[in-house]
Amino acid sequence: MKKFINNVDHILVESLSGFAKAHSDLVELHLEPNFLTRADKATNKVAIISGGGSGHEPLHAGYIGYGMLDAACPGHVFTSPTPDQMLMAAEAVHADKGVLFIVKNYAGDVMNFEMAAEMLPFENATVLTSDDCAVVNSTYTTGRRGVAGTVIVEKCIGSLAETGAALQACKALGDKVNNRTASIGVALTSCTVPAAGRPTFDISESEIEMGVGIHGEPGRRRETMRPADEIIGDCVEAIITDFKSRNLHPNHKHEALLLVNGFGATPLMELYLIYNTAAKLFNLHNIEISHSLVGNYTTALDMAGASITLCLLDDEITKHWDSPVHTAALRWGK
Amino acid sequence: MKKFINNVDHILVESLSGFAKAHSDLVELHLEPNFLTRADKATNKVAIISGGGSGHEPLHAGYIGYGMLDAACPGHVFTSPTPDQMLMAAEAVHADKGVLFIVKNYAGDVMNFEMAAEMLPFENATVLTSDDCAVVNSTYTTGRRGVAGTVIVEKCIGSLAETGAALQACKALGDKVNNRTASIGVALTSCTVPAAGRPTFDISESEIEMGVGIHGEPGRRRETMRPADEIIGDCVEAIITDFKSRNLHPNHKHEALLLVNGFGATPLMELYLIYNTAAKLFNLHNIEISHSLVGNYTTALDMAGASITLCLLDDEITKHWDSPVHTAALRWGK
Amino acid sequence: MKTEFIIEAALAIQQTILANESTLESLDREIGDGDHYINMKRGATTVAEMQTDLASLKPDEALNKIGMKLLSTIGGASGPLLASFFMSMAKVLKENGDESNLKIAAAFAGGVQAIIQRGKAGISEKTMLDVLIPVSNQFVLLATQNCNVKLICATLIHTAEQGMLSTKNLIATKGRAAGLGERAIGHIDPGAKSCQLMIEAVCKLILEK
Amino acid sequence: MKTEFIIEAALAIQQTILANESTLESLDREIGDGDHYINMKRGATTVAEMQTDLASLKPDEALNKIGMKLLSTIGGASGPLLASFFMSMAKVLKENGDESNLKIAAAFAGGVQAIIQRGKAGISEKTMLDVLIPVSNQFVLLATQNCNVKLICATLIHTAEQGMLSTKNLIATKGRAAGLGERAIGHIDPGAKSCQLMIEAVCKLILEK
Ligand SMILES: Nc1ncnc2c1ncn2[C@@H]1O[C@H](COP(=O)(O)OP(=O)(O)O)[C@@H](O)[C@H]1O
Ligand SMILES: Nc1ncnc2c1ncn2[C@@H]1O[C@H](COP(=O)(O)OP(=O)(O)O)[C@@H](O)[C@H]1O
Ligand SMILES: [Mg+2]
Ligand SMILES: [Mg+2]
Ligand SMILES: [Mg+2]
Ligand SMILES: [Mg+2]
């Protein structure tokens, strides 16, 4: 393992400190317990808080700021944060309209946020994101993981919250976006958790992991490496099949947001090549890509690979995606 | 080599097509010869054109748009573009105030742009960027390469051009920014040029290449891997020494822009850790980091590694850095 | 049960976790995200460092304090589950007392019940519960039958091992391995393994007395 | 010089470039950016494909067309340099004619002069010029002495090889290797190698006639 670190036990705090320094106009860092809040506390709105294991940067701290999150709680690398972090963050940012937690659907994240929610002395609600359609035929919600689609959920909820909307309205929008979003990822290499010091999984020069999770969890199956168009073709099929199984049938030229997300070690050149193919293939399924996002938005440390996320838009979602946002990792209109 | 590609000969056009589709509000793609222009042609301003070998994305096409470039000419991977590309791009975007080329200082880029400039029927000038201070004691300008500092040069020139400033004023600002900027990079792994199919250089688990170029060219020396603080310490020293040798002596709390640039495969988590250390160390040299940029802005395909760039600000540079910009890779204020 | 014993047990648990680094790490790498050892080590080390703070507390207070500390230390899936275990166990002890094996068994069962409620999982879902539920049932049964503590411990070591091994051929339906389907077969659940190790360590401590 | 010969030479050049893939590739990987083979292959293949377009042209027109095509095909440092070579050579041929070895040598020298002007480099800077300058000088000298074409070719093969080898122990002061300092020593310059190969291929073509 070769990484820019001093000591595996300090990597998180050193990195958070750098982040907070580089974006001191946007965020404030609090340590022990660790959480980050907007530099200027927002008032008269639902407080939007997310969090999860670290190693997915810019998720979530990179999305703190106007039009998105009020606070983020980073856990250790790939380990969900603990309830005290969420409690302190909520205490710091709540503004009398309640607290909405956005949580990726992993047992650890769900339980830690749940315990925080139970202890929280204010009105609160939780949106669980579960956009990963890699795992087929899963009758258990636990099987459906929250991945890059979380960024879209956070953006839209953040936008609605900024208008002063009520807690339940924000939750309803988040659930809707999540229900209209599907993702699937492919790994070319493993990631290496700094504290473990070795790759999470072994994979040969001729293999890919189809449906990999953002922690390097195994996916649908190990496959042989093929040309990009074939791999992306399978990803697009998986998403279309998933939409159908959820009774979402894109109608003629249905507008959609296509997010091509890099896992951390895949060059932009390849991500745009993937985008090119994916956009063409979705077109063949009555889907018109009207909105796009291409880059490293939900990473898995230093994994080479990428995920494709499609969100079926409607007027409400489009409005909240397009609205101004000013965070470290996503910024427009402001 | 495992990459998302279909055919090494098509990777560039497929990727450019994806880029143009994903950012159709910002850019228009022209093929054979390949160049990209702003979707809406700007008028009454100097046309700013950059270009260079591909593989450094988002450089340069990612910087086309309001407040930055009018056009970009992408060459093959790591190979400078050819004069016909620059001629056609200039033809497409010039608006009667002349054309300014921004060229990274490599023999190939310099000569190809030079030939284009000689053939160009309009007034034109060229800014050469040469911020890489990795190579010491080089009495030859050819020894000083243009690297990530190019982004700062493009941003500032682009901002000034937007005000309707004259060609020579734009060139002068570009030269000034270049003269106040120094960069140095470190590679942990090699990159792999798709057409070559194998890593450009061999490097062991315990080595780093100090002063590496953005094409994987060898740098100052091969060193043993050390804690991040030590590596970054050497980088900061190199930059300070370079400033001194150029008679730039930062005065008390001199404001500066710190750019921590990832080469393509280094997680944001590590880049912010590097930022944290670098900002602290520059402070000890009378330099106050007032502006920051952290991310993948000038990459070397899939190389793991990072570079540090420092630009000593003055009121003019600060103004043009802060001004609104709206491109695929850099956006604020608009 | 004495607080002194709780501290001894905490140290024994830390020892067994540290001694099984590569096993725990590779199990979670195979069907999870590779952090289970790091999480358990962080928890075990933190509790071991609480020695002096715990020494003056009553057993139920000590267990509750351990639970609360684990809640803010481990994170992940195992954090809230193990924290709930200790906090609930403490609560039952506080209410019922700890003067008999049966009362301790009941408290243990209360802790396991809290894990079931928090994680909404049951037996055969390929989690730590495949160790904890049988151990808890056996513990209560043996205590009801007035078995002596050494026999109880010897039996529970065996029960825990059986439970841990039983996860090998299961498909996971809870936790991070739930997405794996058939691919999870052949791999022991990391949480089940660490629970088995902890139970073994504490039982051995008693057996060696 | 006949256009037919230019086409034959172009095919011979393509062949030698393709045959030396690994040599050219690794030389540029060692002290450059690894693309020299790809660049040369792209150029050589494009020219080889121009056969039918070239056939009907006069030799100087053919060389000029090749130069212009290379200018928009190769890119990198070698592109404008080699393009300048052919365009300048064509220009001299057009002005002076091509009826003698001396006139062809003069045209060759004109091509090399264009490379010097474009790249602002001279001898011993570890570039293709370490092959081209000695070859050009030798060519002019032998032609002035009225040597026969076979002797000229045999000598130039040798001169090119010497020049190519001479780059091995030089520090580069131009091109991408200029930053390497001492580290460039021990490595042959890729551009010098490809020029030597091209000269050798064309000379052998004449020798075998
Ligand atoms: N719902 C659940 N109920 C009981 N145990 C669970 C549940 N979800 C996960 N676990 C246990 O947690 C273990 C994983 O813990 P750990 O690796 O520390 O957390 P994470 O899965 O968040 O990375 C699993 O091996 C399993 O035994
Ligand atoms: N200024 C120069 N004058 C003459 N030859 C040069 C000059 N700069 C570079 N070269 C030649 O170009 C070769 C490199 O070509 P190539 O790899 O195709 O381009 P690049 O260096 O742009 O990647 C070098 O080996 C050297 O021989
Ligand atoms: Mg985890
Ligand atoms: Mg090159
Ligand atoms: Mg785990
Ligand atoms: Mg080269």
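**Q** Describe the coordination of the magnesium ion (ligand 3), naming the residues involved and giving the relevant values.
**A** Only F78 of chain A (O), D33 of chain C (OD) and D35 of chain C (OD) from the protein reach the magnesium ion (ligand 3) as donors, at distances of 2.1 to 2.4 Å. The distance between the magnesium ion (ligand 3) and the magnesium ion (ligand 5) comes to 3.5 Å, with D33 of chain C serving as a donor to both metals. Across the pair, D35 of chain C and D33 of chain C agree in class, each one buried.

**Q** Which residues make up the coordination of the magnesium ion (ligand 6), and what values go with them?
**A** Residues and elements named next belong to chain D. Donor atoms from the polypeptide that bind the magnesium ion (ligand 6) are D28 (OD), D33 (OD) and D35 (OD), placed at 2.1 to 2.3 Å. Sequence spacing of the donors to the magnesium ion (ligand 6): D-x4-D-x1-D. A separation of 3.5 Å is found between the magnesium ion (ligand 6) and the magnesium ion (ligand 4), which are bridged by D33. When sorted by exposure, D28 lands in the same class as D33, which is buried.

**Q** How would you summarise the sheet that holds strand β7 (residues 124-129) of chain B if you had to cite specific residues and measurements?
**A** All names here are of chain B. Pairing is mixed across the open sheet formed by six strands, whose spatial order is β1-β2-β5-β3-β6-β7. Looking at strand neighbours, the two that pair on one side only are β1 (27-30) and β7, the edges of this open sheet. Across the sheet, the mean angle from the axis of one strand to that of its neighbour is 20°, orientation sign disregarded. Pairing analysis gives four bridges linking β1 to strand β2 (residues 35-38), with the strands arranged antiparallel. Across the sheet, the residue bridging to L29 is L36, located in β2.

**Q** Which residues make up the interface of chain B and chain A, and what values go with them?
**A** At the interface, 58 residues of chain B touch 58 residues of chain A. Interface area for chain B against chain A, summed over the two sides, is near 4800 Å², with a carbon-plus-sulfur share of 63%. Among the residues chain B hides against chain A, the three largest losses belong to K2, F4 and M269 of chain B. Together they make up 22% of the total. Across the chain B-chain A interface, the total number found is two salt bridges. Its salt-bridge partner being K3 of chain A, residue E270 of chain B comes within 3.8 Å of it at the nearest N-O pair. Elements supplying a minimum of two residues to the side of chain B that touches chain A: α1 (11-22), β9 (207-210), α6 (228-245), α7 (268-283), β12 (287-295), β13 (305-312) and β15 (331-332) of chain B. At ten residues, α7 of chain B tops the list of elements feeding residues into the side of chain B that touches chain A. Here the residues of the side of chain B that touches chain A sort into 30 nonpolar, 15 polar and 13 charged.

**Q** An account of the site of ligand 1 is requested, with residue identities and associated values reported.
**A** Among the 21 residues in the neighbourhood of ligand 1, the closest are listed as D35, N39, A77, S78 and D189 of chain C. With respect to ligand 1, its neighbouring residues span chains A and C. A distance of 3.0 Å separates a nitrogen atom of ligand 1 from a polar backbone atom of G119 of chain C. Within the backbone of G191 of chain C, an N or O atom sits 2.9 Å from an oxygen atom of ligand 1. Protein chains bury 96% of the 570 Å² of accessible surface belonging to ligand 1 in isolation. Elements supplying a minimum of two residues to the shell around ligand 1: α3 (36-48), α6 (78-96) and α10 (190-207) of chain C. Looking at the shell around ligand 1, the element that brings in the most residues is α10 of chain C, giving three residues.

**Q** Lay out the interface of chain C and chain A with the relevant residues and their values.
**A** Contacts between chain C and chain A engage 31 residues on the former and 36 residues on the latter. Linking chain C with chain A are nine residue pairs in polar contact (both at pLDDT 80 or more), by the criterion used here. The element contributing the most residues to the side of chain C that touches chain A is α6 of chain C, with four residues. The class makeup of the residues in the side of chain C that touches chain A is nine nonpolar, eleven polar and eleven charged.

**Q** Go over the domain arrangement of chain A with me, naming the residues and quoting the values.
**A** All names here are of chain A. Each assigned domain of chain A is listed here: domain 1 (9-179) and domain 2 (181-313). Between the C-alpha centres of domain 1 and domain 2 the distance comes to 23 Å. Counting residues at the interface gives 27 residues for domain 1, matched by 32 residues for domain 2. For the pair domain 1 and domain 2, the summed buried surface comes to about 2300 Å²; carbon and sulfur atoms form 61% of the total. The largest share of the area that domain 1 buries against domain 2 comes from F78, C133 and I152, three residues that together contribute 23% of it. Connecting domain 1 to domain 2 are one salt bridge. Between D242 and R144 there is a salt bridge whose closest N-O contact spans 2.9 Å. Put simply, domain 1 and domain 2 have 15 residue pairs in polar contact (both at pLDDT 80 or more) between them. Those elements that provide at least two residues to the side of domain 1 that touches domain 2 are α4 (149-162) and α5 (167-179).

Parameters and conventions
- Residues numbered from 1 in each chain as written.
- Chains lettered and ligands numbered in written order.
- Predicted model: local features only at pLDDT ≥ 70, side-chain atom pairs only at ≥ 80, totals over all residues.
- Heavy atoms only, no water.
- Donors = N, O, S within 2.8 Å, 3.2 Å for Na, K, Ca; no water.
- Buried < 20%, exposed > 50% of the residue type's maximum accessible area, 1.4 Å probe, protein only.
- Pairing = 2+ DSSP bridges.
- Helix = DSSP H or I, 4+ residues; strand = E, 2+ residues; numbered from the N terminus.
- Axes fitted to C-alpha atoms, helices over the stretch in contact; angles between N-to-C directions.
- Contact = heavy atoms within 4.5 Å.
- Buried area = accessible area lost by both parts, 1.4 Å probe.
- Salt bridge = Lys/Arg side-chain N within 4 Å of Asp/Glu carboxyl O.
- Nonpolar A, V, L, I, M, F, W, Y, C, P; charged D, E, K, R; others polar.
- Near = heavy atom within 4 Å.
- Polar contact = N/O pair within 3.5 Å; in protein donor to acceptor, adjacent residues only side chain to side chain.
- Areas by Shrake-Rupley, 256 points an atom, 1.4 Å probe, with all protein chains shown as cover.
- Domains from an automatic or database assignment.

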